[in-house]
There are 2 protein chains.
Amino acid sequence: MTSDATSSGDLDRYHIAILAELQSDARQSNAELAQRIGLSAAPTWRRVKWLEEQGYITGYRAELDRRKIGLGVLAFVRVDAERSAGSATKALEDEIRQLPEVIACHYISGTGTFELQVMATDLDAFSRFSINTLLKLPNVKDIHTSFSLGEVKAGGALPLTHLQG
Amino acid sequence: MTSDATSSGDLDRYHIAILAELQSDARQSNAELAQRIGLSAAPTWRRVKWLEEQGYITGYRAELDRRKIGLGVLAFVRVDAERSAGSATKALEDEIRQLPEVIACHYISGTGTFELQVMATDLDAFSRFSINTLLKLPNVKDIHTSFSLGEVKAGGALPLTHLQG
DNA sequence: AGTGAAAACCGTAGCGT
DNA sequence: ACGCTACGGTTTTCACT
């Protein structure tokens, strides 16, 4: 990497306001954004471009209603790997990355455990996925599933309160 | 609710293509989007508006690099509630919803357990947060924390493969 | 439904402060 | 570094097929 990955010191309150605004609505016009943060259009636009170039903003994504598109089941799955280090685990990571049903996967400990977030149309489809796909992946010892019974909070907007708060 | 929440039957391949495109880049111009899905600009625009109005698209969000903005720690926290039903749990939900450090929270079982995703600047800040805030919430029995040691897959794009795939 | 054109708006660059 | 102005392109609407 060319620069420090954890240097957020060069963000002023306008940068922070832009990040907050674009996190809640990425499709507002630059004019609208400028007005909301209290700057005129040109410098606002320059700052947005700068935030993109520096890698603070990594992309813009539409958020979909998972139930409307037929994904009734969201599950948190802990996958225990047989061996926790080496090429076997790397291979397992690569396999997991390929699965569209897995929307997130984190390596969470030294004991070879992954935490996955899995989407499926219904319980039946999830069942088939875990038996036919997950449990057949190389180096998988076993899995523990917890289903989401309700979303108390979602939408994953990152807190910015620690910046100049 | 006014209409069926799980009816994705009125989506044709253009709708699906639009959802896929906007999930990967929500800021592309309508002209670009139209060209990619193989339709001209006006009908593409109407379809996008329709998807927004029907609630398939719930919003557009900028994705930020959590490390660049100083959030070095991501943790998965299981919160066990004292009593699993009634107003005490509802109150706990409301408290959790208020915390900016908690970016996601799901109710995951009948035993009064929540799965949280928590962001913090560093281990020290996380430690303070769990001791001073999480453990002091009403109706919390105990918590189990797993730290993310690496993101194998992230970015939470929903699979659309089950639609007319 | 999709097409094509027209008007309003916005993004973008350059210059002045 | 911010703000203003002006141009070129895009979004967005509307009338027509």
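Looking at an unreviewed UniProt entry, one finds chain A named Lrp/AsnC family transcriptional regulator, with Pelomonas cellulosilytica as its source organism.

Segmenting chain A into domains produces domain 1 (1–63) and domain 2 (73–147). Between the C-alpha centres of domain 1 of chain A and domain 2 of chain A there is a distance of 35 Å.

Looking at soluble globular proteins, one finds that nonpolar side chains tend to be buried together. Ile-69 of chain A together with Ile-69 of chain B are the most contacted members of the largest nonpolar core, which totals 46 residues. Of all elements in the fold, only helix H1 (13–24), helix H2 (30–37), helix H3 (41–53) and strand E1 (57–64) of chain A together with helix H1 (13–24), helix H2 (30–37), helix H3 (41–53) and strand E1 (57–64) of chain B reach the threshold of two or more residues within this core.

With that out of the way, let us pick up the sheet that holds strand E4 (residues 113–120) of chain A. Strand pairing in a sheet relies on backbone hydrogen bonds, with the paired strands running either antiparallel or parallel. Pairing in this open sheet of 5 strands is antiparallel, and the strands run E5(A)-E2(A)-E4(A)-E3(A)-E6(B) from one edge to the other. In this open sheet, the two strands that pair with only one neighbour each are strand E5 (140–147) of chain A together with strand E6 (150–153) of chain B. Averaged over all adjacent pairs, the angle separating strand axes in this sheet is 20°, with direction ignored. Across 8 bridges, the pairing between strand E2 (residues 73–81) of chain A and E4 of chain A is antiparallel. Note on E4 of chain A: the bridge partner recorded for Val-79 of chain A is Phe-114 of chain A. Helix H4 (residues 87–98) of chain A rests against E2, strand E3 (102–107), E4 and E5 of chain A together with E6 of chain B of the sheet, and its axis sits at about 15° to E4 of chain A.

Moving on to empty space enclosed by the protein. Per the stated rule, a full pass over the model turns up 1 cavity of 30 Å³ or more. In terms of lining, the largest cavity is formed by Arg-61, Ala-62 and Glu-63 of chain A together with Arg-61, Ala-62 and Glu-63 of chain B. Elements that contribute at least two residues to the lining of the largest cavity include exactly E1 of chain A together with E1 of chain B. Residues belonging to the lining of the largest cavity are distributed by class as follows: 2 nonpolar, no polar and 4 charged.

For these two chains of identical sequence, chain B goes onto chain A by a turn of 180° and a shift of 0.0 Å along the axis, with RMSD 0.1 Å. The superposition operator between the copies reduces to a two-fold rotation axis. Nearest to the rotation axis, the C-alpha of Arg-61 of chain B is located 2.7 Å from it, this being the minimum over chain B.

We now examine the protein's contact with DNA strand D. Contacts to DNA strand D come from Leu-39, Ser-40, Ala-42, Pro-43, Arg-46 and Arg-47 of chain A together with Ser-29, Asn-30, Ala-31 and Trp-45 of chain B. If you look at DNA strand D and keep only atoms within 4 Å of the protein, 77% of those are sugar or phosphate atoms. Residue Ala-31 of chain B places a main-chain N or O atom 3.2 Å away from a phosphate oxygen belonging to DNA strand D. Between DNA strand D and the protein, one listed contact pairs a phosphate oxygen with a side-chain N or O atom of Trp-45 of chain B at 2.8 Å. Elements with a minimum of two residues in the surface near DNA strand D: H3 of chain A together with H2 of chain B. When residues in the surface near DNA strand D are grouped by element, the largest group, 4 residues, is from H3 of chain A.

Moving on to the interface of chain B and chain A. Tallying the contact residues gives 74 residues for chain B and 75 residues for chain A. Both faces combined, the contact of chain B with chain A buries some 6,600 Å², and carbon together with sulfur accounts for 56% of it. Contact with chain A buries area across many residues of chain B, yet Arg-61, Lys-68 and Lys-153 of chain B alone supply 14% of it, more than any other trio. At the boundary of chain B with chain A, the tally comes to 41 residue pairs in polar contact (both at pLDDT 80 or more). Looking at the side of chain B that touches chain A, the element that brings in the most residues is E1 of chain B, giving 8 residues. Taken together, the residues that form the side of chain B that touches chain A break down as 34 nonpolar, 23 polar and 17 charged. Note that E1 of chain A and E1 of chain B share 7 bridges and pair antiparallel. Residue Tyr-60 of chain A lies in a different strand from E1 of chain B, and its bridge partner there is Ala-62 of chain B.

Cut-off values and rules
- Residues numbered from 1 in each chain as written.
- Chains lettered and ligands numbered in written order.
- Predicted model: local features only at pLDDT ≥ 70, side-chain atom pairs only at ≥ 80, totals over all residues.
- Heavy atoms only, no water.
- Domains from an automatic or database assignment.
- Core = buried A, V, L, I, M, F, W, Y, C linked by side-chain atoms within 4.5 Å.
- Buried < 20%, exposed > 50% of the residue type's maximum accessible area, 1.4 Å probe, protein only.
- Helix = DSSP H or I, 4+ residues; strand = E, 2+ residues; numbered from the N terminus.
- Pairing = 2+ DSSP bridges.
- Axes fitted to C-alpha atoms, helices over the stretch in contact; angles between N-to-C directions.
- Contact = heavy atoms within 4.5 Å.
- 1 Å grid on protein atoms, 1.4 Å probe; cavity = no way out; pocket = protein on both sides within 12 Å on 5 of 7 lines; lining within 4 Å.
- Points joined across faces, edges and corners; volume = space filled by probe spheres on them.
- Nonpolar A, V, L, I, M, F, W, Y, C, P; charged D, E, K, R; others polar.
- Least-squares fit on C-alpha atoms with pLDDT ≥ 70 in both.
- Near = heavy atom within 4 Å.
- Polar contact = N/O pair within 3.5 Å; in protein donor to acceptor, adjacent residues only side chain to side chain.
- Buried area = accessible area lost by both parts, 1.4 Å probe.

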